[in-house]
Amino acid sequence: MMPLPVSRARMVELWRYYQMGLLNTAFGLGAYALLVWLGLNMFVAQLLAHMMGMAFSYISYSRHVFRDARPAKLRFILSYGANYLLGLGALAALSRVIASPYGAGFLAAGIVSVVNYFALKHLVFRSRAT
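Structure report, in brief. Chains are numbered independently. Their residues run from 1 in the order of the written sequence. Note on the predicted model: pLDDT of at least 70 is required for a residue's local features to be given, and 80 or more for side-chain atom pairs to be given and counted; whole-chain, interface and lining totals, by contrast, use all residues. Side-chain numbers here rest on the full set of heavy atoms in the structure, without hydrogens or water.

## Some words on the nonpolar core
- In terms of nonpolar packing, the biggest core is built from 13 residues, with Tyr-17, Tyr-61, Val-65, Phe-66, Phe-76, Leu-120 and Phe-125 touching the most fellow members.
- Here a residue-residue contact requires only that any non-hydrogen atoms of the pair lie within 4.5 Å. What Val-65 contacts, discounting residues up to four positions off in sequence, is Glu-13, Arg-16, Tyr-17, Met-20 and Ser-60.
- We call a set of buried residues a nonpolar core when its members are Ala, Val, Leu, Ile, Met, Phe, Trp, Tyr or Cys and they connect through side-chain atoms within 4.5 Å of each other. Only protein chains enter the accessibility calculation, which uses a 1.4 Å probe; a residue whose area is less than 20% of its type maximum is buried, one above 50% is exposed, and one in between is partly exposed. In this structure, Leu-35, Ala-49, Leu-91 and Ala-104 belong to the second largest nonpolar core, which totals eleven residues.

## Examining the pattern of salt bridges
- Whenever a carboxyl oxygen of Asp or Glu lies within 4 Å of a side-chain nitrogen of Lys or Arg, that contact is scored as a salt bridge. Tallied over the full model, the rule gives one salt bridge.
- The partner of Lys-121 in a salt bridge is Glu-13, with the nearest N and O atoms 3.2 Å apart. Pair noted here: Lys-121 is in helix 4 (residues 101-124) and Glu-13 is in helix 1 (residues 8-37), with a separation of 108 residues, a long-range link.
- Accessibility expressed as a relative area gives 21% for Lys-121, which makes it partly exposed. Put simply, DSSP marks the helices as runs of H or I at least four residues long and the strands as runs of E at least two long, and each gets a number from the N terminus on.

## Things to note about the side chain of Asn-24
- The topology assignment puts Asn-24 in helix 1.
- Apart from residues lying up to four places away in sequence, Asn-24 is in contact with Phe-56, Ser-57, Ser-60 and Tyr-61.

## Observations regarding the packing of helix 1 against helix 4
- Running from amino to carboxyl end, helix 1 crosses helix 4 at an angle of 145°, the nearest separation of the two axes being 10 Å. Here the hand of the crossing between helix 1 and helix 4 comes out right-handed. Every residue of helix 4 that contacts helix 1 at Arg-10, Glu-13, Leu-14, Tyr-17, Tyr-18, Thr-25, Leu-29, Tyr-32, Ala-33, Val-36 and Trp-37 is listed here: Pro-101, Tyr-102, Gly-105, Phe-106, Ala-109, Ser-113, Val-114, Asn-116, Tyr-117, Leu-120 and Lys-121.
- When grouped by side-chain class, the residues that make up the contact of helix 1 with helix 4 number 15 nonpolar, four polar and three charged. An axis is simply a line fitted to the C-alpha atoms; with a helix, the fit covers only the stretch in contact. Between two such axes, the angle follows the N-to-C directions and lies from 0 to 180 degrees. In a left-handed crossing the near helix is turned counterclockwise from the far helix by less than a right angle, and in a right-handed crossing that turn is clockwise. Each residue gets one of three labels, nonpolar for Ala, Val, Leu, Ile, Met, Phe, Trp, Tyr, Cys and Pro, charged for Asp, Glu, Lys and Arg, and polar for the others, Gly among them.

## Thoughts on the packing of aromatic side chains
- Any two of the Phe, Tyr and Trp rings considered here, Trp counted by its six-membered ring, make a pair once their centres fall within 6.5 Å; the pair's planes then place it as stacked at under 30 degrees, edge-to-face at over 60, or tilted in between. Going through the model one piece at a time under the given rule, you end up with twelve aromatic pairs.
- Where Tyr-17 meets Tyr-18, the ring centres are 4.8 Å apart and the plane angle is 85°; that geometry is what we call edge-to-face.
- Classification of Tyr-17 as buried rests on a relative accessible area of 2%.
- For the ring pair Phe-76 and Phe-125, a centre distance of 6.3 Å and an interplane angle of 65° mean the geometry is edge-to-face. With Phe-76 in helix 3 (residues 73-95) and Phe-125 in the loop between helix 4 and strand 2 (126-127), this residue pair connects regions lying 49 residues apart in the sequence.
- For Phe-125, a relative accessible area of 2% translates into the label buried.
- Taken together, the ring pairs in this structure connect Tyr-17, Tyr-18, Tyr-58, Tyr-61, Phe-66, Phe-76, Tyr-80, Tyr-117, Phe-118 and Phe-125 into an aromatic cluster.

What follows is the structure in structure tokens.
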């Protein structure tokens, strides 16, 4: 089976997504680690860090990655709600096999980032042509 060709525009978009993703992840994981370090329960820390990261991500993704699309704030909030639940499930599952809350949080964020790209691309930041 031949792999599907990926357009240059899609590759540039993916590159920008993961550039911003690294920045957004550093922000979110930094907030998470700080809150855990301050003594918050890891699930409370995840919720608070996720809410702060959501605002940060909306700005960075709409201005840098999907800048030629019409952003939809409600769909963004809903997708991040689903993203949060997926991340929470991943964190809960990973915390059973990874003793470090930092390691579990980092790996959960990586897993969820792949799903998040498709949600943002196809549900939130739709092409202006559609």
